[in-house]
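Observations on the model geometry
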Amino acid sequence: MSNHIKVASQDTTGTNVFDLTVPELMEMAKKLRCHIITMIATAGSGHPGGSLSAVDIITALYFKIMHHDPHNPRWKDRDRFILSKGHAAPALYAVLAESGYFPVEELTKLRKLDSRLQGHTDRNLTPGVEMSAGSLGQGLSFGIGIALAAKLDHHDYQTYVLLSDGECEEGQTWEAALSAAHFKLDNLTAVIDRNQLQLSGWTRNIMNIEPVNEKWQAFGWHTIEIDGHNFDQILTAFEEAKTTKGKPTIIIAHTIKGKGVSFMENNVEFHGKAPTLEEAKRALQELE
Amino acid sequence: MTVEASTREAYGRTLIELGKQNKDIIVLDADLSLSTMTYLFAQEFPERFFDCGLEEQNMIGIAAGLAASGKTVFASSFAVFASCRCFDQLRMCISQPKLNVKIVATHGGITVGEDGTSHQAIEDLSLYCSLPSFTVIVPADAIETTEAVKAAAATYGPFYIRLSRPKTPLIYRKGHHFTVGKSITMKHGKDVAIIAMGIMVAKALQAAKVLANQGIGCRVINMHTLNPLDEEAIIKAASETKAIVVAEEHLAHGGLGSRVAQIVAREKPVPMSFVNLKDRYSLSGKSGELLQRSGLTAEGIEEAVKQVIQKK
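For every chain, the first residue of the written sequence is number 1, and numbering continues from 1 along that sequence. Here the convention is simple: chains get letters from A, ligands get numbers from 1, in the order in which they are written. Under the rules for a predicted model, residues below a pLDDT of 70 receive no local features and side-chain atom pairs below 80 are neither given nor counted, while totals for whole chains, interfaces and linings still include all residues.

**Quick word on the overall build of chain A**
The criterion, for reference: Secondary structure elements follow DSSP: runs of H or I no shorter than four residues count as helices, runs of E no shorter than two count as strands, and numbering proceeds from the N terminus. Exposed residues have 12 or fewer other C-beta atoms within 10 Å of their own C-beta, buried residues have 20 or more, and partly exposed residues fall in between, where C-beta atoms are placed from the backbone.
Scanning chain A for helices and strands turns up ten helices and seven strands. Within the span of chain A, comprising 288 residues, buried residues form 51% of the whole.

Okay, here's the thing in structure tokens:
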């Protein structure tokens with residue numbers, strides 16, 4: 001452990017320990033998509049659609065943007081990533097495993113009895129997981145607490161919160177939107193995984209959240225809209241967020257639910273349904 | 001003459017003391033700091049106080065995030081909003097991850113008075129006791145409040161402390177010794193044990209005095225901590241007095257009475273009687289009038305004692 005702390009304390013340059021290039025990030029994301037399919041198919045349950053839409057954003061954070069140390073998960077100067085949409089846990093677990101928080105082999109234990117990889121995230125069980133989530137709409141508030149602590153302690157770490165678009169229907173998300181701007185938390189960046197689908201259908205039919213951009217602007221946020229599967233755009237947006245002062249930033253990332261697997265893309269059926277072993281095989285063939 | 005003091009003022013003053021000792025103490029409120037008395041801390045340490053506005057759910061999440069960053073967080077509101085309004089947030093963000101957040105809620109029970117049902121927290125203890133990692137405390141007076149708040153600050157983990165709106169009788173003196181989870185036997189007696197919390201402790205002592213004159217010896221126990229419960233004291237009381245009365249300013253279900261009964265049923269079944277708000281909401285009115293109407297009085301306890309003794 002002391003060795004890990006030493007490594008972390010030396011790493012004060014502000015750069016990500018992996019610092020992958022865009023082609024390498026794309027390669028990594030492909031690998032992670034394969035993990036997600038295999039994990040959920042092996043578990044027999046889980047949420048592939050929202051994991052596949054979010055995985056490029058999470059990959060960019062852990063392999064390029066964030067300052068973190070997989071050998072020292074609770075290092076106090078780390079940038080924090082809060083997965084508010086807790087059902088995308090497989091995407092986070094895959095990223096954490098590939099970046100070295102725990103062995104990649106452990107991914108097959110997803111959702112199994114006594115596994116560290118619970119169906120939805122558990123902060124006390126899994127190395128690298130910051131928040132216990134799964135009940136939607138709570139992550140932004142949690143992120144505000146962390147960002148406030150950074151201001152109080154004069155730490156310059158960044159806090160990133162990934163929201164689903166369905167979560168923007170929860171009242172608490174808007175309580176948090178008000179207060180993050182009120183507290184002028186420019187060290188807080190939220191990302192909406194805007195895949196347009198939620199459990200029972202299109203968000204515009206279930207509960208319309210448009211106009212999303214104008215809403216967040218009206219709440220006092222700096223807004224950026226990007227293609228959430230384009231790494232150049234993702235990286236540029238995170239850089240812009242970091243240099244925006246006086247207010248929090250939200251990145252509205254337009255994504256495709258089930259991205260990367262043809263029969264899962266924009267298919268609401270795969271919000272919370274595991275692929276069969278046959279479907280998983282087809283999905284992996286497509287990805288590879 | 002009974003001396004009265006405010007439990008919420010004791011809370012506010014204790015926060016200042018704690019804030020001076022520990023720079024990691026952070027206080028949150030939801031636009032009620034003038035009533036919960038957290039404004040006293042805010043005046044002294046403005047940089048460590050955050051008013052979250054009327055956003056109780058958000059406040060609980062913020063408290064959790066601060067605690068996850070190493071802070072000892074006190075978050076306050078009225079008991080009804082600090083329990084019913086944000087229960088899922090308490091469950092997901094504080095109880096399940098066992099974070100170091102202390103919810104200190106004022107205006108508990110029906111003694112809120114004239115504001116009526118919407119403001120009377122009578123189910124809060126049931127809700128908090130159902131959350132596995134929460135320590136739940138109802139201090140019996142202002143002195144015990146100070147000790148409970150200090151103990152919460154000194155002990156890692158989630159706490160819920162319920163205080164009152166009106167001033168309440170002082171039953172302890174300065175220097176009162178308080179231990180979380182360890183009840184206090186206020187009076188010894190062999191015929192019946194009265195187990196009480198909060199404002200009902202003073203009333204239990206009054207009842208015991210009247211009953212002593214009638215030849216009935218009451219043991220009076222201040223069960224200030226509902227979770228973890230002092231099972232040893234309950235089993236001892238059941239074994240030695242063979243009759244138990246539980247008095248609380250809470251609904252019949254899920255509060256102190258239910259919790260004590262569970263231990264008694266399991267370890268040492270004896271007749272029990274309950275003084276509580278039964279299964280209904282109260283009304284607007286003066287706190288004394290409401291307590292009278294609900295039978296949450298020394299006379300109500302006396303009656304319960306006589307009933308339970310007949311069943312022995």
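**Structural notes on the sheet that holds strand β6 (residues 222-227) of chain A**
Residue and element names in this part refer to chain A. Basically, it comes down to this: Strands are labelled as partners when DSSP assigns at least two bridges between them. Comment: axis = line fitted to C-alpha atoms, over the contacting stretch for helices; angle = value between 0 and 180 degrees taken between N-to-C directions. Residue pairs qualify as contacts under a 7 Å threshold applied to their C-beta atoms, which are placed from the backbone.
Spatial ordering of the open sheet is given by β1-β2-β3-β7-β6, a layout of five strands whose pairing is parallel. Each of the sheet's edge strands pairs with one partner strand only, and the pair in question is β1 (80-83) and β6. This sheet shows a mean twist of 20 degrees between the axes of neighbouring strands, independent of strand direction. As judged from the six bridges shared by β6 and strand β7 (residues 249-254), these two strands associate in the parallel manner. Within β7, the residue paired with T223 across the bridge is I250. Here helix α5 (residues 139-153) sits on the sheet in contact with β1, β2 (159-164) and β3 (188-194), set at roughly 170 degrees to β2.

**Concerning the interface of chain B and chain A**
Rules: Residues are grouped as follows: Ala, Val, Leu, Ile, Met, Phe, Trp, Tyr, Cys and Pro are nonpolar; Asp, Glu, Lys and Arg are charged; every other residue, Gly included, is polar.
Contact residues are listed per partner, giving 22 residues for chain B and 18 residues for chain A. When residues of the side of chain B that touches chain A are traced back to their parent elements, those giving at least two are α4 (56-68) and α5 (87-95) of chain B. Take the side of chain B that touches chain A: its biggest share by element is nine residues, from α4(B). Split into classes, the residues belonging to the side of chain B that touches chain A amount to ten nonpolar, eight polar and four charged.

**A word on the environment of A:V95**
All names here are of chain A. Its place among the elements puts V95 in helix α4 (residues 89-98). With 35 residues separating them along the chain, V95 and A60 place their C-alpha atoms 10.0 Å apart. Those residues within four positions of V95 in sequence are excluded, and the remaining contacts are L32, I58, T59 and Y62.

**With respect to the nonpolar core**
To be explicit about the condition: The term nonpolar core means buried Ala, Val, Leu, Ile, Met, Phe, Trp, Tyr and Cys residues held together as one set by C-beta atoms within 7 Å. Bear in mind that the domain bounds are from an automatic or database domain assignment.
Among the nonpolar cores identified, the biggest contains 191 residues, and B:A63, B:I194, B:A204, B:I244 and B:V245 are the most heavily contacted of them. If one sorts the elements of this core by residue count, helix α3 (residues 48-65) of chain A sits on top with ten residues. Counting contributing residues, this core receives three or more from each of domain 1 (4-169) and domain 2 (184-310) of chain B. The residues touching B:A204, leaving out its near neighbours within four places in the chain, are B:I194, B:A196, B:V220, B:A247 and B:I301.

**Quick look at the packing of helix α8 (residues 200-213) of chain B against helix α12 (residues 298-310) of chain B**
Residue and element names in this part refer to chain B. Threshold: The cut-offs work like this: below 35 degrees is roughly parallel, past 145 is roughly antiparallel, 65 to 115 is roughly perpendicular, and the gaps in between are oblique. Each helix crossing is assigned a hand: it is left-handed if the near helix lies turned anticlockwise from the far helix by less than a right angle, otherwise right-handed if that turn is clockwise.
Between α8 and α12, the least distance of the axes is 8 Å, while the angle of their chain directions is 55 degrees. For the element pair α8 / α12, the angle class is oblique. Judged by the sense of rotation from one axis to the other, the crossing of α8 with α12 is right-handed. Side by side, α8 and α12 meet where K203, A204, Q206, A207, V210 and L211 of the first sit next to A298, I301, E302 and V305 of the second.

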